[in-house]
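Close look at the chain arrangement
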Amino acid sequence: MKGKSPMQLVLITGMSGSGKSVALHALEDAGFYCVDNLPPELLEDFIAIEHGHHADRVAIAIDVRSANSLPGMPAQLHKLRKAGQPLTVLFLDASTDTLVRRFSETRRLHPLSVRDTQDQHRALIEAIEHERELLSELREYSLVIDTSQLKASHLRSEVRKLLDHGQNTLTLVFESFGFKRGVPMDADFVFDVRMLPNPHYEPELRPLTGLDAPVADFLSLEPEVQAMQVHIINFIERWLPSMVRDHRSYVTVAIGCTGGQHRSTYLVEELAAHFSNHWTVHRRHRELDALKHAGY
């Protein structure tokens, strides 16, 4: 692989029904040469062939349809990165309830489903949980995107934004969310900031968000908010070097308040600005972003 021009390689993996086809189509629209359901045994040979073709953007989907070959995937990914191959691994996930609903709506069979059974609902849940076990190690090597509450347009936008950031030694993802809609499945660390002063109770600030200057000014003057910000920064800075030594490529830090509108959004922006000087940083605002997109 040495001496050859760099090729941007994206691996799409994750749970069946989580939106992998949507992500792959988004990459195809962005100019990637895409291959779905490539057997893992052929991965290295396929990459070598594409290098020979001087390909510059390649995306590959690998999932539980190749269940017998999945245990060897983490070692393959480590070998590729060690050889200098730029590689982004996206793992799409969703809650079990969401996946059950999606399979029920489309009337599709899960790849691991037992067909000859009286209780198809129970069989589907068992297949999903078995799939989680099979993919658990591969998930640790990936940037996880929780699609439980994402529309198709939002997922396509998210994939494009992530790739625009490129790949460095480690990518930090800061994500705001509201606890009233649940904790994101893709979070490595979760910080609860609901105890901080809430702009929601200020009538002139209630319709605004943490992205607006009046809310940012309000929160920046609150000692508790600043103390929380410093504590989160100190925690992340203390443990980031250890995560780099552990060959982590992505770390997602989720900041949650009640609605995901004011406090968590403000802190995500502040934390992202702080760490962007030394790390590749990506921002997500789950609740605010969801309002911009419609239709899965």
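I will try to describe carefully the structure that is included in this document.

Scoring rules and cut-offs
Residues numbered from 1 in each chain as written. Predicted model: local features only at pLDDT ≥ 70, side-chain atom pairs only at ≥ 80, totals over all residues. Heavy atoms only, no water. Pairing = 2+ DSSP bridges. Helix = DSSP H or I, 4+ residues; strand = E, 2+ residues; numbered from the N terminus. Axes fitted to C-alpha atoms, helices over the stretch in contact; angles between N-to-C directions. Buried < 20%, exposed > 50% of the residue type's maximum accessible area, 1.4 Å probe, protein only. Arc of directions from axis to C-beta. Contact = heavy atoms within 4.5 Å. Core = buried A, V, L, I, M, F, W, Y, C linked by side-chain atoms within 4.5 Å. Phe/Tyr/Trp six-rings, centres within 6.5 Å; stacked < 30°, edge-to-face > 60°. Lys NZ or Arg CZ within 6 Å of the ring centre and 35° of its normal. Salt bridge = Lys/Arg side-chain N within 4 Å of Asp/Glu carboxyl O. Parallel < 35°, antiparallel > 145°, perpendicular 65-115°, else oblique. Left-handed = near helix turned anticlockwise from the far one by under 90°. Nonpolar A, V, L, I, M, F, W, Y, C, P; charged D, E, K, R; others polar.

**Quick word on the sheet that holds strand β5 (residues 143-146)**
Pairing is parallel in the open sheet, where five strands are placed in the order β2-β3-β1-β4-β5. Since the sheet does not close on itself, it has two edges, and those belong to β2 (33-36) and β5, each with one partner. When the angles between neighbouring strand axes are averaged without regard to direction, this sheet yields 20 degrees.

**Digging into helix α3 (residues 73-82)**
Among the residues of α3, those classed as buried are Met73, Pro74, Gln76, Leu77 and Leu80. In an axial view of α3, the angular spread of the buried residues amounts to 160 degrees, which keeps them on one side of the axis. Away from the buried face of α3 by more than 90 degrees, exposed residues Ala75, Lys79 and Lys82 are located. Where the residues of α3 are buried, they touch β1 (8-14), α2 (43-52), β4 (87-93) and α5 (120-140). Following α3 by one or two positions, glycine 84 has its phi on the positive side, about 95 degrees.

**Quick word on unusual backbone geometry**
A positive phi angle, near 60 degrees, is found at asparagine 37, a position not held by glycine. Along the chain, asparagine 37 turns up in the loop between β2 and α2. With relative accessibility at 29%, the residue asparagine 37 sits in the partly exposed group. A positive phi angle is found at histidine 54, which is not glycine, with a value near 60 degrees. Turning to its location among the elements, histidine 54 is positioned in the loop between α2 and β3 (57-61). On the accessibility criterion, histidine 54 (63% relative accessible area) is exposed.

**Brief notes about the nonpolar core**
Ranked by internal contacts, the top residues of the largest apolar core, which has 31 residues, are Leu11, Leu43, Ile60, Ile62 and Met73. Aside from chain neighbours lying at most four places away, what touches isoleucine 62 is Leu11, Ile12, Thr13, Gly14, Leu38, Pro40, Leu43, Leu70 and Met73. Ile233, Val253, Cys257 and Leu271 belong to the second largest nonpolar core, which has 28 residues in total.

**Description of the packing of aromatic side chains**
Each aromatic ring pair is summarised here by two numbers: the centre-to-centre distance and the angle between the ring planes. For the coordinates displayed, the defined rule picks out five aromatic pairs. Taking 5.7 Å as the distance between ring centres and 80 degrees as the angle between the ring planes, the aromatic pair formed by phenylalanine 191 and phenylalanine 235 counts as edge-to-face. Highlighted residues: phenylalanine 191 in strand β7 (residues 189-192) and phenylalanine 235 in helix α8 (residues 223-245), separated in sequence by 44 residues. Residue phenylalanine 191 is classed as buried on the basis of its relative accessible area of 18%. On the basis of relative accessible area, phenylalanine 235 is assigned to the partly exposed category, the value being 30%. Ring-pair connections join several aromatic residues into one group, and the members of that group are Phe189, Phe191 and Phe235. Geometry around phenylalanine 179 places arginine 194 over its ring, the cationic atom sitting 3.7 Å from the centre. Above the ring of tryptophan 239, the side-chain terminus of arginine 238 is found at 4.0 Å from the ring centroid.

**Some points on the pattern of salt bridges**
Under the definition given, this model contains 17 salt bridges. Through salt bridges that share partners, Glu158, Lys161, Glu175, Asp186 and Arg284 make up one connected network.

**What to know about the packing of helix α4 (residues 96-106) against α5**
Direction vectors running N to C along α4 and α5 enclose 125 degrees, while the axes themselves pass 10 Å from each other. The orientation of α4 relative to α5 falls into the category oblique. For the crossing formed where α4 meets α5, the hand is right-handed. Touching Thr96, Leu99, Val100 and Phe103 of α4 are His121, Leu124, Ile125, Ile128, Glu129 and Arg132, all from α5. Partitioning the contact of α4 with α5 into residue classes produces six nonpolar, two polar and two charged.

**Observations concerning the sheet that holds strand β8 (residues 250-257)**
Here four strands make up an open sheet; going across it, the order is β7-β8-β6-β9 and the pairing parallel. The sheet is open, and its two borders are formed by β7 and β9 (280-285), each paired with just one other strand. Taken over all neighbouring pairs, the strand axes of this sheet differ in orientation by 20 degrees on average, direction set aside. Sheet analysis places strand β6 (residues 171-178) next to β9, joined by six bridges and oriented parallel. The partner of valine 173 across the bridge, within β9, is histidine 282.

**Considerations on the environment of glycine 19**
When you line up the elements, glycine 19 lands in the loop between β1 and α1 (20-29). We classify glycine 19 as buried; its relative accessible area is 12%. Taking the C-alpha atoms as reference, glycine 19 lies 7.7 Å from alanine 152; in sequence the two are 133 residues apart.

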